[in-house]
Amino acid sequence: MKEGSLEAPMRHPIAWDDDSFYDETALDTELRRVFDICHGCRRCFNLCSSFPRLFDLVDESPNESVEDLTAADLKAVVDDCTLCDMCFMVKCPYVPPHAFDLDFPHLMLRYRAVEHRKGLTSFADRELAKTDRNGKLATLASGLANFATKEASPARGVMQATLGIDKRAHLPAYADVPLANKQALVPPPNPDGPAFGRKVALYATCFANFNDQTPGEAAIKVLAHNGVEVRIEYPKCCGMPRFENGDLAAVASAAERVAAHFEPLIDAGYAVVPLTTSCALMLKFEWPLLQPDHAAIARLSANTFDVSQYIVMLAKETGLMPIVEWDAKIGVHFACHARAQNMGPKALEMLRLIPGAKPALTDRCSGHGGKWGIFAQHFDTAVKVGRPAARQLAKDMPDVMVSECPLAGPHLKQVLELSGNAAPERIGHPIEVMARAYGL
Ligand code: SF4
Ligand code: SF4
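Residues numbered from 1 in each chain as written. Chains lettered and ligands numbered in written order. Predicted model: local features only at pLDDT ≥ 70, side-chain atom pairs only at ≥ 80, totals over all residues. Heavy atoms only, no water.

- The protein is annotated in an unreviewed UniProt entry as Cysteine-rich domain-containing protein of Sphingobium nicotianae.

A short note on the sheet that holds strand 4 (residues 329–333)
Pairing between sheet strands relies on hydrogen bonds along the backbone, with the strands arranged either parallel or antiparallel.
So, point 1. Taken together, three strands build an open sheet; the order of strands is 5-4-6 and the sheet is parallel. Two strands in the sheet have a free side with no partner beyond their single neighbour: strand 5 (358–362) and strand 6 (400–403). Direction aside, neighbouring strands of the sheet carry axes that sit 25° apart on average.
So, point 2. Taken together, the four bridges between strand 4 and strand 6 define a ladder with parallel strand orientation. Bridging across to strand 6, valine 332 finds its partner in valine 402.
So, point 3. Its contacts with the sheet put helix 19 (residues 379–394) on strand 4, strand 5 and strand 6, and the angle it makes with strand 5 is roughly 165°. (Pairing = 2+ DSSP bridges. Helix = DSSP H or I, 4+ residues; strand = E, 2+ residues; numbered from the N terminus. Axes fitted to C-alpha atoms, helices over the stretch in contact; angles between N-to-C directions. Contact = heavy atoms within 4.5 Å.)

Looking at the nonpolar core
So, point 1. If you look at the biggest cluster of nonpolar residues, it comprises 117 residues, and the most contacted ones within it are Phe35, Phe104, Trp287 and Met434.
So, point 2. Residues contacting phenylalanine 104, with those up to four places away along its chain left out, are Val34, Phe35, Cys38, Phe51, Val77 and Cys87.
So, point 3. One finds Ile165, Ala169, Val383 and Leu393 within the second-largest nonpolar core, a separate group that totals 18 residues. (Core = buried A, V, L, I, M, F, W, Y, C linked by side-chain atoms within 4.5 Å. Buried < 20%, exposed > 50% of the residue type's maximum accessible area, 1.4 Å probe, protein only.)

Quick word on the environment of alanine 148
So, point 1. Here alanine 148 is to be found in helix 8 (residues 142–149).
So, point 2. Measuring from C-alpha to C-alpha, the distance between alanine 148 and tyrosine 203 comes to 28 Å, with 55 residues separating the pair along the chain.
So, point 3. The residues contacting alanine 148, other than those within four sequence positions of it, are Ser153, Ala155, Arg156 and Met159.

Side note on the site of ligand 2
So, point 1. The local shell around ligand 2 consists of Ile37, Cys38, Cys41, Arg42, Arg43, Cys44, Phe51, Lys91, Cys92, Pro93, Tyr94 and Leu102.
So, point 2. The cavity that encloses ligand 2 is the largest cavity.
So, point 3. Of the residues forming the shell around ligand 2, the biggest block, three residues, is contributed by helix 1 (residues 24–41).
So, point 4. Each residue belonging to the shell around ligand 2 can be placed in one class, and the counts come to nine nonpolar, no polar and three charged. (Near = heavy atom within 4 Å. 1 Å grid on protein atoms, 1.4 Å probe; cavity = no way out; pocket = protein on both sides within 12 Å on 5 of 7 lines; lining within 4 Å. Sits in = over half its atoms within 2 Å of the grid points. Nonpolar A, V, L, I, M, F, W, Y, C, P; charged D, E, K, R; others polar.)

Quick word on helix 14 (residues 277–290)
So, point 1. The end-to-end C-alpha distance of helix 14, which contains 14 residues, comes to 19 Å, matching closely the 20 Å that a straight helix rising 1.5 Å per residue would cover.
So, point 2. Within helix 14, the axis deviates most sharply at leucine 283, by approximately 40°.
So, point 3. Buried residues dominate helix 14, accounting for twelve of its 14 residues.
So, point 4. Buried within helix 14 we find Thr277, Ser278, Cys279, Ala280, Leu281, Met282, Leu283, Lys284, Glu286, Trp287, Leu289 and Leu290. (Expected span 1.5 Å × (residues − 1). Bend = angle between axes of the 7 residues up to and from the residue.)

Structural notes on the domain arrangement of the protein
So, point 1. Taken domain by domain, the protein consists of domain 1 (19–117), domain 2 (123–163), domain 3 (179–312) and domain 4 (322–437).
So, point 2. Taking only C-alpha atoms into account, the centre of domain 2 sits 26 Å from that of domain 3.
So, point 3. The contact between domain 2 and domain 3 buries some 680 Å² in all, and 59% of this surface belongs to carbon and sulfur atoms.
So, point 4. Across the contact surface, domain 2 and domain 3 share four residue pairs in polar contact (both at pLDDT 80 or more).
So, point 5. Every element with two or more residues in the side of domain 2 that touches domain 3 is listed here: helix 6 (123–128) and helix 7 (131–140).
So, point 6. Examining the composition of the side of domain 2 that touches domain 3, we find that five residues originate from one element, helix 7, more than from any other. (Domains from an automatic or database assignment. Buried area = accessible area lost by both parts, 1.4 Å probe. Polar contact = N/O pair within 3.5 Å; in protein donor to acceptor, adjacent residues only side chain to side chain.)

Below, the structure written as structure tokens:
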């Protein structure tokens, strides 16, 4: 329950297939209504750069009023939003069913949907969102792709000039074989594992399929060691990068296809575990809002678990294989899209299962925001927003640092480096620490 409301917060379905959703006059009115409430409230002043931008624009306007803001001002506020969801999840007392009916991130999303329909999504945003095509091509020539995308590569200057991707921004490397093609390497379930008989369909997600496979490999080992039968599935990208672009029709269609793929697996008793936390958020919460009457999507949502959430659930329901004591300080970044799943800090809970381990939580945004933070017009802001998170994560000089978000981890590492602080070799996923604790 939230302050100012007597009922639990909820979200409205996203009316992407209704023409009134794209009515620009109505959108302008709604933006000014919401921005005026925010101007009077200002609780979100330190969450991101959207709110400071809004408050500065209002304060510097002739009458210190939202009515004075120009269309370009409104766009600047929207452009600074990474859709992290934190204002809705952790700050705003005016979310539905409160009479103010305020859902700031979904209003930003509506603006982007209008821009997308008008053909205003940038070329780079459109091309980067084609993760399946990009992943298939890049894994075929991963050596070349990884050479070209390294920060020191001369190609980065060209990418900055043509695509607007900041040449300083860390870009993820590509694997040479997609994770979904490695089913043969999945070990059989340990018959002595306490969770023997449980079944998991690991949704590889584009990032874990084509880019960083370490969390997926760790999850497979931890699950199989505990007796879980694992299969790797990759029907298609969940569409999160297209969601960021406001291409909601494409996301709704991806949702239908992925839900149809998982339906028989759910029938056969598999839990669906996405390897990327933002994708788990899509399956659990955003897809049912895009397709509120779709039974298979609702069923997929109810049967989807974040990786850390699934391990914590196993610990409670079946118990886990014993873990040897490990006296390790672990800095745990609680990624926004894990927080937005409204399940509590499951990575922290999972790492507390390691006897002797001392995990400490950092719950500030990394500032990366999907592909948002790699663009030249955002990179410095992404670093600025990420600095408090990186400082807090590194504060007690932990032995290991982790983040549930595969983009936030490398970004926080880069923020530490750019701020002149010691950075670890890797800020990986918490499941990697579990695999290490098991000696797997
Ligand atoms: S969703 Fe995140 S980035 Fe966007 S306005 Fe809210 S807190 Fe800021
Ligand atoms: S989103 Fe809600 S909490 Fe944040 S500034 Fe606006 S009204 Fe206040």
